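# Per-entry structural report
Next come the chains, spelled out residue by residue.
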Amino acid sequence: MHRHPALLASAVVLSLASPAYAGGDGGCICGSPFHTTPQHPSHDVRSYPPDVPADFRHMRLEVVIEDMNTPAFSARQTLTFVPVGDTLGTLQIDAKALAVESVSAAGYETTFEADGSHLRVTFDPPAPAGQEVTLVTSYRVENPPLGLLWTPESPAWPGRPAQLHTQGQTETNSYWFPCHDYPNDRLTTELVVTVPRDFMVSSNGRLVSHTKAIRTRDRADGSTELLPYETFHWSQEQPHVPYLVSLVVGKFDVVDLARSPVPAKVYAPLGRAADVPATFGRTGAMIEYFAKVLDEPYPWARYDQVVVWNFGWGGMENTSATTLHENVVLTPGSLLDHDQDGLIAHELAHQWFGDLLTCNSWEHIWLNEGITTFMNTLWFEERDGRDAYLARVRETYDTLILNDRPEAPAAQGMASKVYREAWETFSRPANPYGKGASVMHMLRTQLGDEVFFKALATYIDRHRLSTVETSDLRRAFEDVSGETFEQFFAQWVFRPGVPAITVTPAWADGTLTLTVEQTQNIDPDNPAFEFDLPVVVGPAAGADNTSAGVPLSGAVQVRGRTATLTLPAATPPAWIAIDPDLAVLCRVDLRLDEPGAMALLTSGPTLPARIQGARVLGTFAHGSSGSVAGTQALVRVVQSASQPTPLRVECVRALLARRADIDLRSVATSAVDHWEVREATTSALADILSRAGDDADPAMRERILGQLAERAAIDKSLLVRAEAIRGLGKCQALEHENLLVKALETNSQGDLLRNAALDALVSIDSRWALRRAGELAKPGHDSRTRAQAIKAVGTLAKHDVPFALELASSMLGDVEMRSRRAAGEALVAIGDPRGLDVLSARAAAARGPDDRRTAQRWIEDLRTKLGQPAGTP
C-alpha cells in the first residue's frame, strides 16, 4: 500500500473509520484518531495469528454479474484444502455479510451455519488429516460495506461507466468470498468472471481465456431476454495470501508499457491513454532495477496497474495487478511538479516484499511496508543519484522524529502484538513505513552495499512463496554478515521512540572533544539507546593534522546517557558533521557557533551534513544572536540555482526561523527558478504575515498578499498555486476571496486547488466557509475532495450546527467509502448529542462486524467528547 508521497506506500481498507495517512495521494492507514490500546487494559490486548487447522491449497471462484449498476452478484466457490494435524469435523472460515445458499463436499454429508461473520461447515464423517477435501459453496453478495467497492453509474458523474474493485487488506476479502482471511496461509487461485458485454475484468495471474456469449434471463411476463456477456478466466498459479486476491470490473483504456521485461499494462480511465506513458513510462526500468539489486527475477506472470474510481487509499499491491487511485494518471500540465514514481515503485516492490514474501501476522507488517518504502527510496537513488536518496531518508527521519515520541509501556514499538484491530499496526507513531525503511537504511549503512544486498537476497531465497516474521530477516542478516543483530532489532523494531541527542564540541590544546548526551526520557522502561554515531571533521585551512587537508572521521560509541570522543586537531576544525550519511535514526541538536554552522553549510561532506548546517543557522535569531553574515550565507544558497534543491528549501526555512523577514521577502522575489523553492518561500511569506497578526504593517501586508495572490493566480506550478491559496486563508485575506472562490471552481490534477481552498476555508473559520465546504461535500466531486470537505464541515460546525449535523448524517450511507468514513469522524468532531442517535442507528443497521465496530467506535469517541461515561445509553 502507499502512504505519504515522501515515504510512499500501499492501500488498506479495513473499516469505515480506518483513517488515511495525511499525505495527498498517499493512502495508507496512518495517523489514526483511535488509540491502539488503553494504558492499563483490563484484558489481554495482544493479538495472535489464528489457527490454521486446514492447509488451503486452491480456490476456483466463479462469479456472474448480471448488471453493473446493481451491486450484487452470484458466486460459486470451489475450495480445496487438506486438514492438518488431526481429523477435521468442523471447518470455520470467514464469510462476512455473505448470503450462503448451499455447501457440499464430495464424499461427505455436510451441514453449515452462516452468521454474517463466519461460515461453519460440519463434515460427516470427519475429514482425515492429510486427505484433500473439495468444498463447494454457492452464495450471493449484495452491496458489501467493505472488501468490494461498487461504483454504479450516477447523474453526479455523467458518462462515467459503472465499476467495481476489491480491497482485501487487511481482512476484508471475506466480504466477497469465504476464506481464511488472514495472511498466515497461502493458496493458488483462479477467477472465472462473467460480466455484461464491453466490460473488462482484471484479476491475479495470467489470462487463461476471454470468451463472449449470450445468456438468457426470464422476464416477469414469461418471455426470455437475451443478454450479451463476456467471461474472463484468470489463474494465479503460485500461492499467495487471501488479502491479495483482486477483482476489478470496468471500462478502461488499456495501454501496453514499452521496454518492460514482463508483460505490463496500465488500465487507465477512458480517454486518458495518451497520458499514461508520462506517468508510468519508467515501470519497466523499475522492474529491471529491482530484479537486479535483489538478485531475484520479477516473480509473477505479468505486472498490470489498474486505475479505479472510489479507491480508499493510494495503491494496493494485489499479486501481479496493483490497484491505484483515480488521480494517479498525470495531466501534461502537472508534470512540472508532479511525479508518481514513488507510488509506482512502492507498489511494484511489494510484488517481492508483501506478495512473494508476506508477513505472517500484522505485527510484522513492516516487513511488507518498510522494506518497500526503502526500495522506493532506492529507486530515486538509481534515477536521480545519491543526494536524492539521502534527501528522502532525511525526510523520513524528520517525520519519525516528530511523531515517534511516545514511551513504553503505554506505547508500542513498530512490531508489536498489542492491537485490537489489524489496521492499527499500520498507524503506530513508530510507523512501519518510515521506520521500517529507516531500519533498512541503517543496516545498509552499517554493513555496506555488498553484504547488505547479499543478506537481503538470502532472505528472499529462503522464504519466497512463504510467510515471514521479523526474526527471519534478522537471521538472514546475521548469517550473511557474521554480526549479531538482536540488540539492533530490539531497539529499532520492537521498542517505541527514537533517541534525541545533544552534541557539544570543544577544542583545546590540539584535541577536539565531542560530548554526546541523550536527552529523551530514560528510565527502566525506556533505557538509553546504544549506537555508534559517525563524526566527520573538516580541518582548518593549513592545519597540521595527522592527514593535513583531509577530513578526520570517527564514531562516538554511545552506550549510555552520555559519551565522548576525542580526535587530534592541531587547530580548531573548520566544520563538524554529525552522522553525515544518516547512519542513526535520531534527533540531533548540534551545538555549533554561527561560523561553524556557516562552514558546515558551505563545505559539509554530504547533503545531510549541509542541511544540518542550515538548521543550526536557523537557531540564531537575525539581528540578535545571528549575524548578517549568517543570514547572507543562507540567502546565497537559496538564490543559487546550482545548489541542491532540498538544501535551498532548508535554507528558506532557516531564514524563517531566524526571523530574517526582509531577506525572506527578497529571496521570494529573486529565487523563482525552481517550483520547490517558490513553494517554500510562498509558505514562508504566509508565515511572516500570520505571525505578525494584527500588528502587521499595512504596507507589508499589502505587498505580501499581493505576492501570494499573484502566485495563486498564475504560477506555472500547481503546488505553488495551492500553497499560495492556503497562505491567503492563513492570513485571513478576505480581500482576495475571489481567488478562493475561483480555486473552489477550478479542476486541477488531483483536485489540488480545491483541496487547498478547503484548507483556506478552515483557516478563515466562518459561516460562509462552512457553507462552501458543504457544497463540495456533495456527490460529483473528487472522492478525496468530498472527504476533506466533510471533515471541514465537522471542523466549522460551530457556525451552524444543524446544517453540519444534517450533512454529516446524510453522508453516512454514501456510496464512496471516503465520504462515509469522513462523515462518522465529522459527527464526532461536531460533538452534538444528537449524533449519538444517528450513529446508534448506523451501528444497528451495520452489515458485517467491521462496519459495526467502526460505528461503535465513533459512538465511544463522541460520548468521550460529550463527557459521558463509556457505555452510557
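Just so it is clear, the model here is predicted, and its values are computed rather than measured.

Our focus in this paragraph is the pattern of salt bridges. A full pass over the atoms with the stated rule returns 51 salt bridges. Of the charged contacts, one joins Asp-673 and Arg-648 as a salt bridge, the two residues approaching to 2.7 Å between their closest N and O atoms. Taken together, the residues Asp-673 in the loop between helix H14 (661-670) and helix H15 (675-692) and Arg-648 in helix H13 (residues 645-657) connect sequence positions 25 residues apart. Judged by relative accessible area, which is 45%, Asp-673 ranks as partly exposed. According to the relative accessible area criterion, Arg-648 is buried, its value standing at 1%. Across the pair Arg-726 and Glu-723 runs a salt bridge, and its minimum N-O distance is 3.0 Å. With Arg-726 and Glu-723 both in helix H17 (residues 718-730) and 3 residues apart, this pair spans about one turn of that helix. The exposure class of Arg-726 is partly exposed, given its relative accessible area of 25%.

Closest axis-to-axis distance for the helix H6 (residues 434-447)/helix H8 (residues 470-481) pair is 13 Å, and the angle between their directions is 5°. Classified by the angle their axes make, H6 and H8 are roughly parallel. Each of Met-440, Leu-443 and Leu-447 in H6 lies in contact with H8, whose residues at this interface are Leu-473, Phe-477 and Ser-481. When grouped by side-chain class, the residues that make up the contact of H6 with H8 number 5 nonpolar, 1 polar and no charged.

Here H15 contains 18 residues, and its C-alpha end-to-end distance of 26 Å stays within 8% of the 26 Å for a straight helix at 1.5 Å per residue. In the stretch just after H15, Gly-693 is the one whose phi turns positive, near 60°.

Strands pair in a sheet through their backbones, by hydrogen bonds, and they do so in one of two ways: parallel or antiparallel. In spatial order, the strands read S26-S23-S22-S28; together these 4 strands make up an open sheet with mixed pairing. Sheet topology places strand S26 (562-568) and strand S28 (587-590) at the edges, where each strand pairs with a single neighbour. The mean angle between the axes of side-by-side strands here comes to 20°, regardless of whether they run parallel or antiparallel. Of the pairings in the sheet, the one linking strand S23 (residues 511-518) to S26 comprises 7 bridges and is antiparallel in character. Note on S26: the bridge partner recorded for Val-516 is Ala-563.

Calculation criteria
Residues numbered from 1 in each chain as written. Predicted model: local features only at pLDDT ≥ 70, side-chain atom pairs only at ≥ 80, totals over all residues. Heavy atoms only, no water. Salt bridge = Lys/Arg side-chain N within 4 Å of Asp/Glu carboxyl O. Helix = DSSP H or I, 4+ residues; strand = E, 2+ residues; numbered from the N terminus. Buried < 20%, exposed > 50% of the residue type's maximum accessible area, 1.4 Å probe, protein only. Axes fitted to C-alpha atoms, helices over the stretch in contact; angles between N-to-C directions. Parallel < 35°, antiparallel > 145°, perpendicular 65-115°, else oblique. Contact = heavy atoms within 4.5 Å. Nonpolar A, V, L, I, M, F, W, Y, C, P; charged D, E, K, R; others polar. Expected span 1.5 Å × (residues − 1). Pairing = 2+ DSSP bridges.

These figures come from the coordinates and say nothing about function on their own.
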